[in-house]
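# A look at the structure
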Amino acid sequence: MDLTIAVTGATGFVGKAVLPRLLAAGHDLRVLVRDPTKHDFPSAVKIVPGGLDDASALFKLVAGADVVLHMAGAISAVNRAGFFRTNTAGTEALVMAAQAGGVKRFVLLSSLAARRHEISAYAASKLAAEDVVAGVAKMMQVLVLRPAAVYGPRDTATLPLLKSLMARIAILPGRAFNRFSLIHVDDLAQICVAAVASSITGTREVDDASGGHTGGELADITRANFNRPAKLIFMPFAVALAVGALGSLATWILRRPMMVSFDKMRELYEPNWLIEGENWPRENPVSLFDGLPETIRWYQANGMLPPIDKGHRSPGAEGPNSP
């Protein structure tokens, strides 16, 4: 069934993977974009200029739509209020517009971090957004997707981790025994496309269906494919907190969000970031053994990681001028 879908976050890392799949599925798309001049979209996509703080634009986006797919959000901010302004107040404004516009289904892309709302301002803002959406569950179908940490080509957030893994001595935040779930961006995009057309409601935590990973496993995979790292060291918690505190101080002084912060380090040292409950049913999830080398080779091909390899290339690796 072709649906009219109102989309936020289409220009983000996940959104760029989701949008072409929605088009391929035959849906009519409306996309909220703060500055359309900075992005190119297929002619079939209807562009609605504006942001989550623009009530008029939000109503134009959702009026008469069948489904809202809300992927926009802040993963870094200058302060706690910044996270809540985008992740919570932005979601609330969109939900109000969806109610007024007669939307039948609302899919929120949240985060596994929402499960530990006390650990960071980001996590607290994502849980508060989930609560906003849950508040309209009696008026429309509501589905909350909580993906594990998302990785894949083009993701700048994981690039520092990959740079460390490609060094001779990898120094990673976290502890050797910590286990965490991951999901490849293509896998998550497949789930998002299925989610808008499904009738599933409630909250689903999603990952690569592997049972979780460790930092040592990441190093083993890069070592097998790229002969790096020769040695793996886990950063002591006290050192990580000090580094995070410096990042937070830099954010406060420069009024510009840094990816490294005190809260982020606390998240990374949480011992169990494994998903709980029923995963999203699908065939052939992207395995870390395939997805991690593919991601690294994409960064190598685009000059963001050193060209260290064991002598083979992924057939999907793209160069800077690839179509």
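Further up the page is the structure itself.
Residues numbered from 1 in each chain as written. Predicted model: local features only at pLDDT ≥ 70, side-chain atom pairs only at ≥ 80, totals over all residues. Heavy atoms only, no water.

Omega for the bond connecting Arg-228 with Pro-229 falls within 30 degrees of zero, at 0°, which places this linkage in the cis form. Along the chain, the position of Pro-229 falls in the loop between α7 (215–226) and β12 (231–234). Its identity as a non-glycine residue notwithstanding, Asn-227 has a phi of 60°, on the positive side. Locating Asn-227 in the fold gives a position in the loop between α7 and β12. Of note, Asn-284 is a non-glycine position whose phi angle comes to about 55°, a positive value. Position of Asn-284 relative to the elements: it lies in the loop between β13 (272–273) and α10 (288–301). What makes Asn-284 exposed here is its relative accessible area of 68%. (Helix = DSSP H or I, 4+ residues; strand = E, 2+ residues; numbered from the N terminus. Buried < 20%, exposed > 50% of the residue type's maximum accessible area, 1.4 Å probe, protein only.)

Right, let's get into the pattern of salt bridges. All told, the structure shown has twelve salt bridges when counted by the stated rule. Ionic pairing is found between Arg-146 and Glu-130, a salt bridge with its closest N-O pair at 2.8 Å. Taken together, the positions of Arg-146 in strand β6 (residues 141–147) and Glu-130 in helix α4 (residues 121–134) put the pair 16 residues apart, joining distant regions of the chain. Accessibility assignment for this pair places Arg-146 and Glu-130 in one class, buried. Among the salt bridges present, the one from Asp-187 reaches Arg-282, with a minimum N-O distance of 3.0 Å. Placement of Asp-187 in helix α6 (residues 185–197) and of Arg-282 in the loop between β13 and α10 is noted, with a sequence separation of 95 residues between them. What emerges from the salt-bridge pattern is a single network uniting Arg-115, Glu-130, Arg-146 and Glu-205. (Salt bridge = Lys/Arg side-chain N within 4 Å of Asp/Glu carboxyl O.)

Now for the environment of Met-139. As for its placement among the helices and strands, Met-139 is situated in the loop between α4 and β6. Spatially, the C-alpha atom of Met-139 lies 16 Å from that of Ala-93, the residues being 46 residues apart in sequence.

Below, the discussion takes up a nonpolar patch on the surface. Side chains of Ile-75, Val-239, Val-243, Met-259 and Val-260 sit close together on the surface and give an oily, nonpolar patch of about 380 Å² of accessible area. By the element assignment, Val-243 lies in helix α8 (residues 237–254). Accessibility expressed as a relative area gives 33% for Val-243, which makes it partly exposed. (Patch = residues over 30% accessible without salt bridge, like charges linked within 9 Å, V, L, I, M, F, W, Y side chains within 5 Å. Areas by Shrake-Rupley, 256 points an atom, 1.4 Å probe, with all protein chains shown as cover.)

That is the geometry; function is a separate question.
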